[in-house]
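The primary structure of each chain is shown beneath.
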Amino acid sequence: MNELFQEIVGWLGYLQRGAVVSQLLLILIAVTSLGFVQRRWPVAGRTFWVRRWVQLLTLGSLGFGLAVAGYPFRLILDLVVFLCGWYGLDSLHHFFVQSLHRSELGQLEIQVLRPAYLVFGLITLLRSVDSPADMALIPVGHFLGSDINVGDLLMAFSVAYLALVASGPPSKLLARLIQHLLLSGEGTMKATALVIRYLLMAMGLLWSVNRLGVHSTALLAVAGGLSLGIGFGIKEIASDFISGVWILFEGTVRPGEKLLFDGEACEVRSQSLRATTLWRECDNAVLVIPNQTFFSNTTTSYTLGDPFRRCEVTVPVPPDQNPSEIIALMEKSASSIHGVLNDPSPQGLLLKIGDTTSWVSSIYALRFMIGDPINQPEISSAVQSAIWQILSAKGLASLKAEQAPLVMDPSVLGITASHQTTAPNQ
Amino acid sequence: MAPMLIGLLGCRPSHLDHGLPQNDALKGQIFVLIGTNPDERFDSLARNDAETRLSILLDTFRSLHPQVRVQVQTLPASDLGDVLLRRNRAGLSPDLVIVRGSTAMALQQQNLIQPQSYPPGPLANLDQGSLHRLRLDDGRFLALPVGLFPQVACYNRKRLPTPPTTIEDLLAPASRARIGLPLQLSGLAWTLGSLGALDSVKAITSGQPPTETLKQPIAAWLAWLRSPELQQRTVFQTSQNGLLDQMGAGRLDWMPCHGYDFDRLRRQLGPAFAVAPLPSGPGGAASPVTIERVIALGVNSSPNQRRIAKAFVAFSINPVNQRDLALRSQQELSVLNNLNLETSPSPILAAMMASNRQSNANRQLYQTIINADIRSQGQMQYTLGRFIYGEIEITKATDAFVETLRPFSPRLP
């Protein structure tokens, strides 16, 4: 480390040269003048860009003047090229804004593009003042039986950083490609992206460790220590981690999935190796659920096979009515509700024949499919309202709806729910 | 910290003078760039070896001039041209460049180093052939020689208790030596003398028409490279690094090498590492290639840095330092003619000196061969490789080989 420090401090020796000092002074004047002008007369938008162009042109002219006069100029030229690229990164917003979400674009720019560009600029500067190949070989220490030098350390850090932070966009791109090839759904695509991302992260980390020259015996020793730690302290985290990997590969819980959690319909928003984030529709809450919950408990999913959910409402009708007419009315009323699927069409059933002598209601049921399981309460409510209106218009009944417990129907691929609507006996 | 920064910037407070007269004292910082050899791998070991060789001179120089700070940078030879071009344009070129002679000539052709005039006194004892090659038409020198790396034989003492002195010994069934040879003319040039093809190569490179009489020894030399007794026990490699790896791993027992390979082999072979002169043959003595290490000035130095750089150049060819360099490094020889190292016998030095004597008579030719090898990058190697592996016949290989040699003049700028 001391050698690296001395190498860097040694660059000050270039300040003995007039050609270097004059270039640095010109750069300093040109860069600070724009900052001064911007602070004194702040502008934005097109005028600000004009000022930047003026700055670049000024610097470029200075460099050109030095070159024509036969003086060294490359430091100024390098800065102009660097600034052009740096300012050019701003225009990436316009390029990517159509294809990337705003937050994704922000992440891409702040976590990947600008750091990568800064590293590129740093290496460019290094090539002028020193030999990057030589600096890369400067030893910085000893780690787990291996000698580490600057190059190994920087390369391992860069790859690990890219694997952990920047693997998201390429994973999504690859997953999107696989989605197009296999014609899979959106949830599958998101799960695939996650699996790819975790694979990239694992590969990147392993490569980094290998680059640092950590021997396999050292890795095994670390793994042994970890297993001891897992046994005592971090069992839950390890369990969540393993569950997360298993669930991702199994594909039972994926982003976009609609499922029941604690009796409430929820949508899976995101997944990490430790926990899954759910959005609960009824109170707009976000739940962070440890992965082992899904691994060890029964999970009710509406979207694992297909996204449809079967619903059922029951309706008491006076016992003297013609069942065929009532069923036709119920089916017709449900068909007109937005969100109720017509294929398969709503199906009315007579569950129990009433008793005209004691005036016990006949019990009818209407079964129908909806495309969005999360919206089941709203759609069921609309169906019941429509039935009530159509029966009321016929003067048949005054109905009181009552939510019934959900009933699973294994005959339908996916899980359905039933709802009971009951009316007081008349 | 503060004195170091002040020193780096070339300023010095009076309290650092310790009251001594400092009118001619050197102070400030210079940058030295070492270019590794083209056939040398650039890694931590090569970097350490290169800087260790230089440190023999630098440590003494710094002890004489404690206010001089020297920053050493090492670079692969293949990157030198691009890096120097870039750094010269930025005003950040090194003050001194240490490379092999042929590389310095290439850098000079691109104006990447600064030729310099030197007083005749210190140059009087330098090898005049070297100076002739490094002198420009205007009398300035593009660089000065500082060390010689003669080609010798590196061998495994455990496998070969006695080094072979003739090619016949080397290939004798009793020797059981596993031989490594490079597929480069500069690396194989020692066999030209042993097998009697040297005069033909000299004649062709000097511009004589390639008659059948001149071609015949070259054809015989090529035939030897493909002879069964050689091929049965020889590994040919396109790079010296490949040979060093195999030798270090114990898969080879004998190979031609230079001083800058010694450290790597010594680390791997330990006490089994040994050095001997290259074997002679039916055509005469071996004709090994000696590589010159030269020192050149950079183009962007400040006047103070140039003064320090020139002082270091003069220092490095001083007889005391040249002797010290040869004796302590045990890897390179002095460039001074009148330096007697015979009084300090060492098997390694003795082998290098014997090899250097063999190469002295042909130094000009070797420069031509080295340049031909570099310039025809791939062509000679390709021809040799195809011939050795049986893809082309000897007549075609001889013609192609002679053609590769022909365009190059023995006198380079």
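Definitions and cut-offs
- Residues numbered from 1 in each chain as written.
- Chains lettered and ligands numbered in written order.
- Predicted model: local features only at pLDDT ≥ 70, side-chain atom pairs only at ≥ 80, totals over all residues.
- Helix = DSSP H or I, 4+ residues; strand = E, 2+ residues; numbered from the N terminus.
- Buried ≥ 20, exposed ≤ 12 C-beta atoms within 10 Å, placed from the backbone.
- Contact = placed C-beta atoms within 7 Å.
- Nonpolar A, V, L, I, M, F, W, Y, C, P; charged D, E, K, R; others polar.
- pLDDT = per-residue confidence, 0-100.
- Pairing = 2+ DSSP bridges.
- Axes fitted to C-alpha atoms, helices over the stretch in contact; angles between N-to-C directions.
- Core = buried A, V, L, I, M, F, W, Y, C linked by C-beta atoms within 7 Å.
- Domains from an automatic or database assignment.

Asks: Sorry, what's going on with the overall build of chain A here?
Replies: Summing up its helical and strand segments, chain A has 15 helices and 10 strands in all. Considering chain A as a whole, with its 426 residues, one finds that 28% of them fall into the buried category. Put simply, 63% of the contacts in chain A that link residues at least 6 apart link residues at least 24 apart.

Asks: Honestly, the overall build of chain B in this entry has me stumped. Any pointers?
Replies: Per the secondary structure count, chain B includes 20 helices and 10 strands. Here chain B holds 413 residues, and the buried ones make up 51% of them.

Asks: Just checking my understanding: could you explain the interface of chain A and chain B for this structure?
Replies: By a frequent convention, interface size equals the accessible area lost on bringing the separate parts together. Counting residues at the interface gives 24 residues for chain A, matched by 29 residues for chain B. Listed by contribution, the elements that provide at least two residues to the side of chain A that touches chain B are α2 (18–40), α4 (74–90), α6 (102–129) and α7 (132–135) of chain A. For the side of chain A that touches chain B, the element with the highest residue contribution is α2 of chain A, accounting for four residues. Here the side of chain A that touches chain B is built from residues that sort into 11 nonpolar, eight polar and five charged.

Asks: Looking at this structure, how should I read the confidence of the model for chain A?
Replies: When pLDDT is low, close inspection of the predicted coordinates is not appropriate. Of all residues in chain A, 88% attain a pLDDT of 70 or more, and the chain-wide mean is 79. This model gives residues 398–426 of chain A a pLDDT under 50, and the stretch forms 63 contacts once residues within four places in sequence are excluded.

Asks: Hey, could you run me through the pairing of strand β8 (residues 254–257) of chain B in this one?
Replies: Successive side chains on a regular strand alternate, one facing one side of the sheet and the next facing the other. All names here are of chain B. Residues W254 and P256 point to one face of β8 and M255 and C257 to the other, with burial holding for every one of them. In this structure, strand β5 (residues 152–156) lies alongside β8, joined through four bridges in antiparallel fashion. Bridge assignment links A153 to a residue of β8, and that residue is P256.

Asks: What am I meant to see in the sheet that holds strand β8 (residues 309–317) of chain A here?
Replies: All names here are of chain A. Spatially, β8-β10-β9 is the arrangement adopted by the three strands of the open sheet, whose pairing is antiparallel. Across the chains shown, the open sheet's two edge strands, defined by having one partner strand only, are β8 and β9 (347–352). Neighbouring strand axes in the sheet, compared pairwise and without regard to direction, differ in orientation by 25° on average. Judged from the five bridges that link them, β9 and strand β10 (residues 362–370) form a sheet pairing that is antiparallel. Note that in β10 the partner of L349 across the bridge is A365. In the packing of helix α14 (residues 323–335) onto the sheet, contacts are made with β8, β9 and β10, and the angle to β10 comes to roughly 30°. Here helix α15 (residues 376–393) sits on the sheet in contact with β8 and β10, set at roughly 30° to β8.

Asks: What's the story with the nonpolar core in this structure? I'm lost.
Replies: The tendency in soluble globular proteins is for nonpolar side chains to be buried side by side. Among the nonpolar cores identified, the biggest contains 112 residues, and I113, A143 and C154 of chain B are the most heavily contacted of them. In terms of residues, this core owes the most to one element, helix α2 (residues 44–64) of chain B, which gives six residues. Of the residues that make up this core, three or more belong to each of domain 1 (2–149 + 291–329) and domain 2 (152–288 + 376–405) of chain B. With 22 residues, the next largest nonpolar core counts F368, I370, I379 and L391 of chain A among its residues.

Asks: What is the right way to look at the domain arrangement of chain B in this model?
Replies: All names here are of chain B. Along its sequence, chain B is organised into domain 1 (2–149 + 291–329) and domain 2 (152–288 + 376–405). For domain 1 versus domain 2, the separation of C-alpha centres amounts to 33 Å. Each partner contributes residues to the interface: domain 1 has eight residues there, and domain 2 has eight residues. Taken together, the residues of the side of domain 1 that touches domain 2 break down into three nonpolar, one polar and four charged.

Asks: Please clarify how the sheet that holds strand β4 (residues 144–150) of chain B should be interpreted in this entry.
Replies: Hydrogen bonds along the backbone pair up the strands of a sheet, which may run parallel or antiparallel. Residue and element names in this part refer to chain B. The mixed open sheet is built from five strands, whose spatial order is β2-β1-β3-β10-β4. Of all strands in the sheet, those bounded by a partner on one side alone are β2 (68–75) and β4. Across the sheet, the axes of successive neighbouring strands diverge by a mean angle of 20°, strand direction being ignored. Pairing of strand β1 (residues 28–35) with strand β3 (residues 96–100), which is carried by three bridges, proceeds in the parallel orientation.

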